[in-house]
Amino acid sequence: MSSSDIFIGETIGTAVLILLGGGVCAAVTLKRSKAQNAGWLAITFGWGFAVLTGAYLAGGVSGAHLNPAVTIGLAIEGGTEWSDVPLYLGSQLLGAMIGAVLVWLTYYGQFRAHLTDPEIVGAQTGEEGMVDKAAAPKAGPVLGIFSTGPEIRHAVQNLVTEIIATVVLVLAILTQGLNNEGNGLGTLGALVTALVVVGIGLSLGGPTGYAINPVRDLGPRIVHALLPLPNKGGSDWGYAWIPVAGPLVGGAIAGGLYNVAFA
């Protein structure tokens, strides 16, 4: 694959992944959305379909990594050149940020309605109705649309949860269609990966919201911090390292496990 193939495929594929994944979170979260309160099942299946669409679009161009953890796992396994890793990661981060901006544009009216609603604003305002930065929570009221956060804040548990979930994802990708000839599943692999993501969300997503992808969390979190959202609260940078480090460690472990057990 050429450098332009990697850049175009990973940027577009990751942008679509975050647009549809962040989009379902916005649909379920925001007031004046027809899908408000649709629940966890909608979110998990929405993210699965997001992975399916992004991977299908980018598969024939860049291989559709769409995730630094996958790229690291493939580099350790030997399927990706280490010299290409920085381009993959940079393209994925750019795509994730573009996708998050597109979610904001798509739900622009709903964001404004939600963040100016007295019930939402009341928890973050002082006596005069202005945002009280000292009292504002670490995670603002719409941060969950952009990035993940734990239900119980315990750094070790949160990190381990992300590592375990990412090992499952990357190992499932590395072993797709494994047989005596070493053939993969081709475009069918996108469907398998999407179903694995749904399964991870249903089974392992409860503690942290299953980032399992560093740029899925970091790129939109940066966008949340930069967007002119009224009363948006904090971006919770104190937690931000966990959904980056956990998936990267998980991807590396999965690559090593593949080499030991399946290569």
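As the structure is a computational prediction, the values presented were derived from the model and not from experiment.

Right, let's get into the overall build of the protein chain. For the protein chain, the count of helices and strands is eleven helices and zero strands. Across the 263 residues in the protein chain, those meeting the buried criterion constitute 47%. In the protein chain, 78% of the contacts between residues at least 6 apart in sequence involve partners at least 24 apart. Seen as two clouds, the 10 positive and the 15 negative side-chain charges of the protein chain have centres 13 Å apart.

As a packed pair, helix 3 (residues 68–77) and helix 11 (residues 242–261) sit with axes 8 Å apart at the nearest point and diverge in direction by 30°. For the element pair helix 3 / helix 11, the angle class is roughly parallel. Our pair here, helix 3 against helix 11, has a crossing hand that is right-handed. Seen from helix 3, the contacting residues are Pro68, Ala69, Ile72, Gly73, Ile76 and Glu77; seen from helix 11, they are Pro247, Leu248, Gly251, Ala252, Gly255, Gly256, Tyr258 and Asn259. Here the contact of helix 3 with helix 11 is composed, by residue class, of eight nonpolar, five polar and one charged.

Going through the model one piece at a time under the given rule, you end up with two salt bridges. Note that arginine 153 is salt-bridged to aspartate 236, the shortest N-O span being 2.8 Å. Of this pair, arginine 153 sits in the loop between helix 7 (143–146) and helix 8 (155–174) while aspartate 236 sits in the loop between helix 10 (214–226) and helix 11, and the two are 83 residues apart along the sequence. Arginine 153 sits in the partly exposed class, given a relative accessible area of 45%.

Quick look at the layout of surface pockets now. By volume, the second largest pocket is sized at about 550 Å³. What lines the second largest pocket is a set of 30 residues, and nearest its centre among them are Trp40, Gly144, Ser147, Gly149 and Glu151. Every element with two or more residues in the lining of the second largest pocket is listed here: helix 1 (3–29), helix 2 (40–62), helix 7 and helix 10. Its residues assigned to classes, the lining of the second largest pocket comprises twelve nonpolar, 13 polar and five charged.

Reading guide: rules and limits
Residues numbered from 1 in each chain as written. Predicted model: local features only at pLDDT ≥ 70, side-chain atom pairs only at ≥ 80, totals over all residues. Heavy atoms only, no water. Helix = DSSP H or I, 4+ residues; strand = E, 2+ residues; numbered from the N terminus. Buried < 20%, exposed > 50% of the residue type's maximum accessible area, 1.4 Å probe, protein only. Contact = heavy atoms within 4.5 Å. Lys, Arg positive; Asp, Glu negative; His and termini not counted. Charge placed at Lys NZ, Arg CZ, Asp CG, Glu CD. Axes fitted to C-alpha atoms, helices over the stretch in contact; angles between N-to-C directions. Parallel < 35°, antiparallel > 145°, perpendicular 65-115°, else oblique. Left-handed = near helix turned anticlockwise from the far one by under 90°. Nonpolar A, V, L, I, M, F, W, Y, C, P; charged D, E, K, R; others polar. Salt bridge = Lys/Arg side-chain N within 4 Å of Asp/Glu carboxyl O. 1 Å grid on protein atoms, 1.4 Å probe; cavity = no way out; pocket = protein on both sides within 12 Å on 5 of 7 lines; lining within 4 Å. Points joined across faces, edges and corners; volume = space filled by probe spheres on them.

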